[in-house]
Amino acid sequence: MKEFIEMLKKIKPNVDFENEEALVDDGILESLDIISIISEIADKYGVVIPSDEIIPDNFNSAVALYELVEDLK
Amino acid sequence: MEKECRREIDHMDTILHYIRQYAETQPDVPAVCELRKKATYREYWDNIRRMASALRNTGVQKGDHVVLRCTQNIDYLTIFSALQYIQALVVPVEKSASPERISEIGSRVDARWLISDKEAEDMTLIKQKDLVEQAKKSDVLDLELPDSESRSMLLFTTGTTGASKGVVVLHRNDVGIAGNVIHGTSMKKGNVEIIPMPLNHSFGIRRYQSDMVNGGTVCLMDGMVFIGTLWKLVEKYGATSMAISPASLGMIFHLSGDRIADYADRFDYIQIGSAPLAENDKERLLRLLPHTRLYNFYGSSEAGCACILEFSGNGNKPGCIGRPTVNSVVRFTDDDGNVIENGSPENPALLSWGGSIVMEGYYNDPELTSEILVDGFVRTRDLAYLDEDGDCILVGRADDVINYGGSKISPAEIEDLALGYKHIDDVAYSSVADPITGELPVILIVQKDGYDESEFEQFLADRLESYKLPRKYIYVENIPKTFKGSVLRKEVRKLAEQYA
């Protein structure tokens, strides 16, 4: 999880990924950030997120996204 | 409608008139939807009137100018409509607008109020969430509806001269443009349209308005990156159409491959706008959706949806932007502004657009208005002619705006700002092709002594929204320019592609 959050921070610095739970709803992550995260997850973890799972709920927190990636591994 | 329409829809003065009518004649039909909630026409009309009451109780009055931050949801459209209902002038701004940008807009339009979640200078903040809660407890407010000649909204364009322009839109423009979309797409009764496009810009808000005039259903998405939402909306509401940008289509292909083909029998039409569509994406879409009508509209905030092309139909003429729409009038002029009958392939003429779609003018800028709006026609810098079939063929595009994943960026704005950094001699902002975002912004720099890339990066980061920051820095000996000093955009682009 720590490594996962570091990856997110490289894409979008200065965001409290440890605690934020409305990354999408509060507009903290924008469209181009989401694209970068999806690409980085594919590159780093070899996980391609299926299109049905690319929904705001899965990206609203680092925990939710991490759990999705773990499920897909 | 003003002219003969394939479907008969009574002409009314404003979009609000149609919503009110459908609240009576088809109260239980969904008007606006999100993934997790919806409002029928009756509910939507009641909510607009409750919101109007809440706005009045907060102090917003007829004639006030109100900056409204777009949140791309039903609440936003409700507030937007309620502001029109009480005849305040709504000034929508993009979701990601910085406080500085909002302050600048607020100052330019003499705005008294800001509806957003964060403050900005010189405007009284009304928090959107508080307003929504207050509206739920408010009574319905019954008012006389505005008339067709009164102001509907003030839209900001992406200016190619460095400053964006405030376009004053009348209610009759909204209805005329909606008619263009309905007629142009042969929109059917009961149409259900997915709109991921920003509702603070002309393309998105016009599609919503056309669906309201048609009595159909709008399904909202916040951009196309959350592609899973698209498929869920299609299934849940039985979507029959979409209004998307080429960047959105690129996102659909990038994130879900050819999955759109699963809905080949469902989509009646798809309209694509805000930028030109890449040839390979167009061919792929035609192959995947062989029975779906595919449209591209040409227009501007100043004269919306002026021309329509059904590119799933007849042939593939290079540069063709289609035919003038039902409520628009095309006119050609020479360089001196003299009206001429038509251009030709050898001598294309400057395009102008008239009809009920034409704006009132630019806010507080009579000089620019008189330059652009001549005899009721909006002048463009596009060169074109009508061919023997009556199709409009665009020969030269005057618009150099960069489209980065759907976000439009004016090179001139960035260049003017960048030249404020003392260690560069000259600069040009351009783009290179990108498979995901369409274009990737880059900057070409002629350095001076003392130049430091990190320092220049920080200089830009301190002054620009993040999406406008160049993704690559390219160092050149000089910037290609005309003898008058104008940047030669095509040459700059070639340089960028060569060195990026």
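1. Comments concerning the overall build of chain B
Phase 1: A tally of regular secondary structure across chain B gives 14 helices and 27 strands.
Phase 2: The globule rule puts the C-alpha radius of gyration for 500 residues at 23 Å, and the 23 Å found for chain B is close to it.
Phase 3: C-alpha extents for chain B along the principal axes are approximately 70 × 55 × 50 Å.
Phase 4: The contacts in chain B between residues at least 6 apart in sequence include a share of 65% that link residues at least 24 apart.

2. What about the overall build of chain A?
Phase 1: Looking only at helices and strands, chain A has four helices and zero strands in total.
Phase 2: Taken from the N to the C terminus, the helices and strands of chain A come in the order α-α-α-α.
Phase 3: In terms of overall dimensions, chain A is globule-like: its C-alpha atoms have a radius of gyration of 11 Å, near the 11 Å expected for 73 residues.
Phase 4: Projected onto its principal axes, the C-alpha coordinates of chain A cover approximately 25 × 25 × 20 Å.
Phase 5: A total of 73 residues make up chain A; the buried ones form 25% of that total.
Phase 6: Taking contacts inside chain A between residues at least 6 apart in sequence as the whole, the part at least 24 apart equals 56%.

3. Thoughts on the interface of chain A and chain B
Phase 1: Residue-level contacts link twelve residues of chain A with 15 residues of chain B.
Phase 2: When its residues are assigned to classes, the side of chain A that touches chain B shows six nonpolar, three polar and three charged.

4. Some details on helix α2 (residues 41-58) of chain B
Residue and element names in this part refer to chain B.
Phase 1: Here α2 spans 25 Å end to end across 18 residues, near enough to the 26 Å set by a 1.5 Å rise per residue.
Phase 2: Within α2, burial applies to Tyr 41, Tyr 44, Trp 45, Asn 47, Ile 48, Arg 49, Arg 50, Met 51, Ala 52, Ser 53, Ala 54 and Leu 55.
Phase 3: The secondary structure elements touched by the buried residues of α2 are α1 (15-25), β1 (30-33), β2 (38-40), α3 (74-85) and α5 (128-136).
Phase 4: A positive backbone phi angle near 120 degrees is found at Gly 59, which sits one or two residues after α2.

5. Side note on the domain arrangement of chain B
Phase 1: Each assigned domain of chain B is listed with its residue range as follows: domain 1 (15-386) and domain 2 (402-499).
Phase 2: Of note, the centres of domain 1 of chain B and domain 2 of chain B, computed from C-alpha atoms alone, are 30 Å apart.

6. What about helix α4 (residues 99-108) of chain B?
All names here are of chain B.
Phase 1: Those residues of α4 that sit buried are Ile 102, Ile 105 and Gly 106. Down the axis, α4 shows its buried residues gathered within 100 degrees of arc, on one side only.
Phase 2: The inward-facing, buried residues of α4 abut β3 (65-69), β4 (89-93), β5 (113-116) and β7 (151-156).
Phase 3: Just downstream of α4 lies Asp 110, where phi reads positive at about 55 degrees.

7. Some details on the confidence of the model for chain B
Residue and element names in this part refer to chain B.
Phase 1: Averaged over all residues, the pLDDT of chain B equals 91, while 95% of them reach at least 70.
Phase 2: Low confidence marks residues 1-5, where pLDDT is under 50. Its contacts with residues over four positions away, or in another chain, come to 13 contacts.
Phase 3: Two summary scores accompany this predicted model of the complex, namely pTM at 0.81 and ipTM at 0.92.

8. A closer look at the packing of helix α9 (residues 246-256) of chain B against helix α10 (residues 279-288) of chain B
All names here are of chain B.
Phase 1: Two numbers describe how α9 lies on α10: the axes approach to 11 Å, and their chain directions differ by 65 degrees. Remark: the crossing between α9 and α10 carries left-handed chirality. Mapping the contact onto sequence places Pro 246, Leu 249, Gly 250 and Phe 253 in α9 and Asp 281, Arg 284 and Leu 285 in α10.

9. Things to note about unusual backbone geometry
Residues and elements named next belong to chain B.
Phase 1: Backbone geometry at Asp 110 places phi at a positive 55 degrees, although glycine is not the residue there.
Phase 2: Counting through the fold element by element, Asp 110 comes out in the loop between α4 and β5.
Phase 3: You can call Asp 110 partly exposed: it has 13 C-beta atoms within 10 Å.
Phase 4: Phi at Asp 375 is positive, roughly 55 degrees, even though this residue is not glycine.

10. Some remarks on the nonpolar core
Considering soluble globular proteins, one finds that nonpolar side chains tend to be buried as a cluster.
All names here are of chain B.
Phase 1: Of all hydrophobic cores here, the largest spans 145 residues; its most connected members are Ile 19, Val 66, Val 67, Leu 83 and Val 91.
Phase 2: Filtering out sequence-adjacent residues up to four positions away, Leu 83 remains in contact with Leu 55, Val 66, Leu 68, Ala 88 and Val 90.
Phase 3: Core analysis: the next-biggest nonpolar cluster, separate from the first, contains 18 residues, Ala 428, Tyr 429, Ile 443 and Val 487 among them.

11. Thoughts on the pairing of strand β18 (residues 349-355) of chain B
All names here are of chain B.
Phase 1: Among the seven residues in β18, seven count as buried, and that is most of the element.
Phase 2: Inspection of the sheet shows strand β16 (residues 328-333) paired to β18 by six bridges, in the antiparallel sense. Opposite Phe 332, over in β18, you have Leu 351 as the bridge partner.

12. Considerations on the environment of Val15(A)
Residue and element names in this part refer to chain A.
Phase 1: Among the secondary structure elements, Val 15 is positioned in the loop between α1 (2-11) and α2 (31-45).
Phase 2: Taking the C-alpha atoms as reference points, Val 15 and Leu 29, 14 residues apart in sequence, are found 9.2 Å from one another.
Phase 3: Other than its neighbours up to four places away in sequence, Val 15 contacts Lys 9, Glu 20 and Ile 28.

Calculation criteria
- Residues numbered from 1 in each chain as written.
- Chains lettered and ligands numbered in written order.
- Predicted model: local features only at pLDDT ≥ 70, side-chain atom pairs only at ≥ 80, totals over all residues.
- Helix = DSSP H or I, 4+ residues; strand = E, 2+ residues; numbered from the N terminus.
- Rg over C-alpha atoms; globule rule 2.2 N^0.38 Å.
- Contact = placed C-beta atoms within 7 Å.
- Buried ≥ 20, exposed ≤ 12 C-beta atoms within 10 Å, placed from the backbone.
- Nonpolar A, V, L, I, M, F, W, Y, C, P; charged D, E, K, R; others polar.
- Expected span 1.5 Å × (residues − 1).
- Domains from an automatic or database assignment.
- Arc of directions from axis to C-beta.
- pLDDT = per-residue confidence, 0-100.
- Axes fitted to C-alpha atoms, helices over the stretch in contact; angles between N-to-C directions.
- Left-handed = near helix turned anticlockwise from the far one by under 90°.
- Core = buried A, V, L, I, M, F, W, Y, C linked by C-beta atoms within 7 Å.
- Pairing = 2+ DSSP bridges.

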